[in-house]
Amino acid sequence: MLSERMLSMVVRQCSDGYLKLSPTDELRMPEPTPGKKYMLYMHVPFCERLCPYCSFNRFPFKEERAVPYFKNMRKEMLMLKDLGYDFESVYIGGGTPTIMIDELCETIDLARDTFPSIKEVSSETNPNHLIPEYVEKLEGRVQRLSVGVQSFDDGLLKQMDRYEKYGSGAEIIERIKYASPHFVSMNADMIFNFPAQTTDILINDIERVVESGASQTTFYPLMASPAVEKSLAATVGKVDYNREQQYYEIISSLLTEGENAPFEFGSAWTFNRKAAGAQPTGSGNEAMIDEYVVNYEEYPAIGSGGITYLGKNLYVNTFSVSDYNAAIEAGNMSLMGKTSFTLRDRMRYRFMMQLFGLRLDKKAFKRDFGTTVDRGLPAEMAFMRLNGAFATDNDEELTLTPKGRYLTVVMMRQFFIGVNDLRDQARAALTGEERTLIFGE
């Protein structure tokens with residue numbers, strides 16, 4: 001699709017322009033803006049197995065590396081308290097946050113004690129941790145648990161080197177069925193457009209999601225960022241974006257269309273189940289969609305590899321666990337680089353994130369940026385209108401047509417590829433054993 005290719009190229013060029021790290025000697029994050037609501041992101045960079053498609057900061061798990069890390073992450077959390085931060089929401093990503101369940105629980109308990117405004121905690125996990133020993137400890141501490149499934153197809157799981165460690169598709173379904181009732185929201189993280197994924201495999205994945213009882217599912221398009229392009233090609237094959245729209249339309253149709261559709265849109269690629277007892281969109285449940293950046297435009301991040309966005313600045317924490325530990329133990333934060341957004345960059349970011357969340361508030365846009373979205377982003381608005389992206393386009397808001405949702409997926413895909421390139425810039429600074437663990441000899 002011509003519009004997809006044009007949009008991909010433009011977003012890639014924009015991302016290349018403003019997602020460039022410069023060194024920083026800042027030892028602490030900026031203080032919070034009074035009255036602003038923030039979310040806290042925590043990063044746990046340890047995995048039992050490194051997946052070929054993942055660009056996040058992650059290292060092979062070793063207990064002697066992880067124990068001091070969790071301790072220092074708790075120290076860094078207290079530094080944010082000293083700066084004056086409070087949080088309504090916590091998102092714990094990785095890596096695999098549940099890699100050491102007792103350390104994770106201690107960290108969550110400290111967060112709740114330190115920041116009494118916390119209403120919800122979201123955490124990522126892997127299917128092999130959906131067992132009583134883990135679920136019983138997480139229940140009540142975590143409201144939204146997001147399990148990395150990627151696919152229920154055994155062939156694809158073997159290609160991704162996940163079958164042996166995390167189990168077959170049938171085993172994963174049973175574990176989700178067991179764990180789902182213990183959480184306010186259980187999200188099944190899926191990936192679509194794998195090179196070896198046929199339409200039959202995709203449809204089977206969608207049917208298995210419905211069968212699993214997951215209250216939410218997120219279908220990400222496969223993102224071939226520079227860091228993982230070679231490993232992807234060597235393991236699952238070369239990515240073909242030409243069929244991405246077809247696959248997205250299959251997912252959207254089977255999950256949300258028809259009188260008895262099991263799910264509804266929570267964001268452009270997140271779907272909330274419409275089951276008995278589930279809260280409908282608009283009730284507040286949408287606050288727990290997977291991409292926290294929709295509801296919290298600014299957020300500090302703690303942990304090695306965390307990415308912070310505050311004001312006009314984006315900060316990246318060191319990707320070195322040893323350097324991270326040293327910084328925290330010296331009483332500093334671990335900021336190693338930053339990039340600053342222009343006013344236009346910030347308007348583009350708001351435009352993309354709010355459309356990804358399915359509604360752009362025009363009045364809030366004008367209040368925050370001092371101009372209308374039409375005057376601030378004339379080319380972007382013209383492109384989206386020309387391509388029939390808006391279902392609602394009035395003085396109050398923008399909402400999306402089906403084509404507009406797909407174009408937003410394209411924007412987000414290219415933006416996250418740009419963020420992954422930012423991670424590559426930080427990862428390039430690794431030396432010694434840590435560099436060998438990631439890049440090999």
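Notes on the structure in this doc start here. (Residues numbered from 1 in each chain as written. Predicted model: local features only at pLDDT ≥ 70, side-chain atom pairs only at ≥ 80, totals over all residues. Heavy atoms only, no water.)

Re the pairing of strand E6 (residues 120–125)
E6 sits mainly inside the fold: six of its six residues count as buried. Of the two faces of E6, the one lined by Glu120, Ser122 and Glu124 and the one lined by Val121, Ser123 and Thr125 are each fully buried. With four bridges connecting them, strand E5 (residues 89–94) and E6 associate as parallel partners. Opposite Val90, over in E6, you have Val121 as the bridge partner. (Buried < 20%, exposed > 50% of the residue type's maximum accessible area, 1.4 Å probe, protein only. Helix = DSSP H or I, 4+ residues; strand = E, 2+ residues; numbered from the N terminus. Pairing = 2+ DSSP bridges.)

A short note on helix H12 (residues 343–356)
A rise of 1.5 Å per residue sets the reference length of H12, with its 14 residues, at 20 Å; its end C-alpha atoms lie 20 Å apart and thus fit the reference within 8%. Among all positions of H12, only Asp345, Met347, Tyr349, Arg350, Phe351, Met352, Met353, Gln354, Leu355 and Phe356 are buried. (Expected span 1.5 Å × (residues − 1).)

A look at the packing of helix H2 (residues 63–83) against helix H11 (residues 321–329)
Between H2 and H11, whose axes approach to 9 Å, the crossing angle comes to 45°. With respect to H11, the axis of H2 lies oblique. Both H2 and H11 take part in a crossing whose hand is left-handed. Judged by residue contacts, Arg65, Pro68, Tyr69, Asn72, Met73, Lys75, Glu76 and Met79 of H2 engage Val321, Tyr324, Asn325, Ile328 and Glu329 from H11. When grouped by side-chain class, the residues that make up the contact of H2 with H11 number seven nonpolar, two polar and four charged. (Axes fitted to C-alpha atoms, helices over the stretch in contact; angles between N-to-C directions. Parallel < 35°, antiparallel > 145°, perpendicular 65-115°, else oblique. Left-handed = near helix turned anticlockwise from the far one by under 90°. Contact = heavy atoms within 4.5 Å. Nonpolar A, V, L, I, M, F, W, Y, C, P; charged D, E, K, R; others polar.)

A look at the packing of helix H10 (residues 244–256) against helix H16 (residues 402–427)
The contact between H10 and H16 brings their axes to 11 Å, and the two run at 120°. Relative to H16, the element H10 lies oblique. Handedness of the crossing formed by H10 with H16: right-handed. On the side of H10, the interface is formed by Glu244, Gln245 and Tyr248, while H16 contributes Arg405, Tyr406, Val409, Val410 and Arg413.

Considering the nonpolar core
Core analysis: the biggest nonpolar cluster contains 134 residues, and Phe219 and Phe351 have the highest contact counts within it. By residue number, the principal contributor to this core is H16, which donates twelve residues. If we skip the residues at most four places from it in the chain, Phe351 touches Leu360, Val373, Leu377, Glu380, Met381, Met384, Phe390 and Leu398. (Core = buried A, V, L, I, M, F, W, Y, C linked by side-chain atoms within 4.5 Å.)

Remarks on the pairing of strand E2 (residues 39–44)
E2 sits mainly inside the fold: six of its six residues count as buried. Of the two faces of E2, the one holding Met39, Tyr41 and His43 and the one holding Leu40, Met42 and Val44 are both buried throughout. Where E2 lies against E5, six bridges are found, and the strand directions are parallel. In the sheet register, Met39 faces E5, and the bridge partner there is Ser89. Here E2 pairs with strand E12 (residues 301–302) via two bridges, running parallel. Residue Tyr41 lies in a different strand from E12, and its bridge partner there is Ala301.

Focus: the sheet that holds strand E16 (residues 359–361)
Pairing is antiparallel in the open sheet, where three strands are placed in the order E16-E18-E17. Both edges of this open sheet fall to E16 and strand E17 (390–393), since each of them pairs with a single strand only. Across the sheet, the axes of successive neighbouring strands diverge by a mean angle of 10°, strand direction being ignored. Taken together, the three bridges between E17 and strand E18 (residues 397–400) define a ladder with antiparallel strand orientation. From the neighbouring strand, Asp393 faces E18, where its bridge partner is Leu398. The strands touched by helix H13 (residues 362–369) within the sheet are E16, E17 and E18, with E16 carrying the most contacts at an inclination of about 45°.

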